Amino acid sequence: QVHLVESGGGLVQPGGSLRLSCVASRIRFSLSTMAWYRQAPGKQRELVAKSFSSGNTDYEDSVKGRFTISRDNPHNTLYLQMNSLSPEDTAVYYCNAYVPFGIGREYWGQGTQVTVSA
């Protein structure tokens with residue numbers, strides 16, 4: 001079974017930076033689409049950034065220029081570098097994988113809390 005484990009969340013002041021990591025196991029990582037989602041209290045889960053196996057990326061408008069998604073394929077690790085953080089970025093951040101084999105399946109990590117506050 002695919003297993004995704006996030007880390008790197010925590011408390012940071014406005015304007016600060018964090019880097020989230022997601023380690024995937026039992027997955028053809030380099031051939032899968034990876035993504036970060038987030039969900040704030042009382043809000044719907046939203047896509048933050050996506051990394052395709054081709055190397056292309058996609059970002060939610062509010063994080064463009066501030067966040068960078070990247071992947072280390074040999075180590076099955078996905079990253080999200082978050083700069084210039086604001087309180088509006090406070091949420092639980094989830095790692096997501098889409099495995100494009102057979103019927104195709106999505107997998108989720110359990111999330112890591114990011115809190116931006118003075």
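Residues numbered from 1 in each chain as written. Predicted model: local features only at pLDDT ≥ 70, side-chain atom pairs only at ≥ 80, totals over all residues. Heavy atoms only, no water.

Focus on the side chain of S32
Here is step 1 of the chain: Mapped onto the elements of the fold, S32 is located in the loop between β3 (18-25) and β4 (33-39).
Here is step 2 of the chain: By relative accessible area, which is 0% here, S32 ends up buried.
Here is step 3 of the chain: A polar atom in the side chain of S32 sits 3.0 Å from the backbone oxygen of R28. (Helix = DSSP H or I, 4+ residues; strand = E, 2+ residues; numbered from the N terminus. Buried < 20%, exposed > 50% of the residue type's maximum accessible area, 1.4 Å probe, protein only. Polar contact = N/O pair within 3.5 Å; in protein donor to acceptor, adjacent residues only side chain to side chain.)

Some remarks on unusual backbone geometry
In most cases, non-glycine residues show a negative phi, while peptide bonds are predominantly trans.
Here is step 1 of the chain: If you check the backbone angles, R26 has positive phi at about 55° while not being a glycine.
Here is step 2 of the chain: Following the sequence through the fold, R26 ends up in the loop between β3 and β4.
Here is step 3 of the chain: By relative accessible area, which is 65% here, R26 ends up exposed.
Here is step 4 of the chain: Located in the positive-phi region is N76, a residue other than glycine, with phi close to 50°.
Here is step 5 of the chain: Secondary-structure assignment places N76 in the loop between β7 (67-72) and β8 (77-82).

A look at the sheet that holds strand β1 (residues 3-7)
Here is step 1 of the chain: Read across the open sheet, the four strands follow the order β1-β3-β8-β7; overall the sheet is antiparallel. Because the sheet does not close on itself, it has two edges, and the strands there are β1 and β7. Pairs of neighbouring strands in the sheet enclose a mean axial angle of 15°, with direction left out of account.
Here is step 2 of the chain: One ladder, built from six bridges, connects β7 with β8; its direction is antiparallel. Looking at the pairing, F67 lines up with M82 of β8. (Pairing = 2+ DSSP bridges. Axes fitted to C-alpha atoms, helices over the stretch in contact; angles between N-to-C directions.)

Examining the state of the cysteines
Among covalent bonds in proteins, the disulfide is the one between the sulfur atoms of two cysteines.
Here is step 1 of the chain: Tallied over the full model, the rule gives one disulfide.
Here is step 2 of the chain: Note that C22 is cross-linked by a disulfide to C95, the S-S spacing being 2.0 Å. Looking down the S-S bond of the C22 and C95 bridge, the torsion is -75°, so its handedness is left-handed. Taken together, the residues C22 in strand β3 and C95 in strand β9 (residues 91-99) connect sequence positions 73 residues apart. (Disulfide = S-S within 2.5 Å.)

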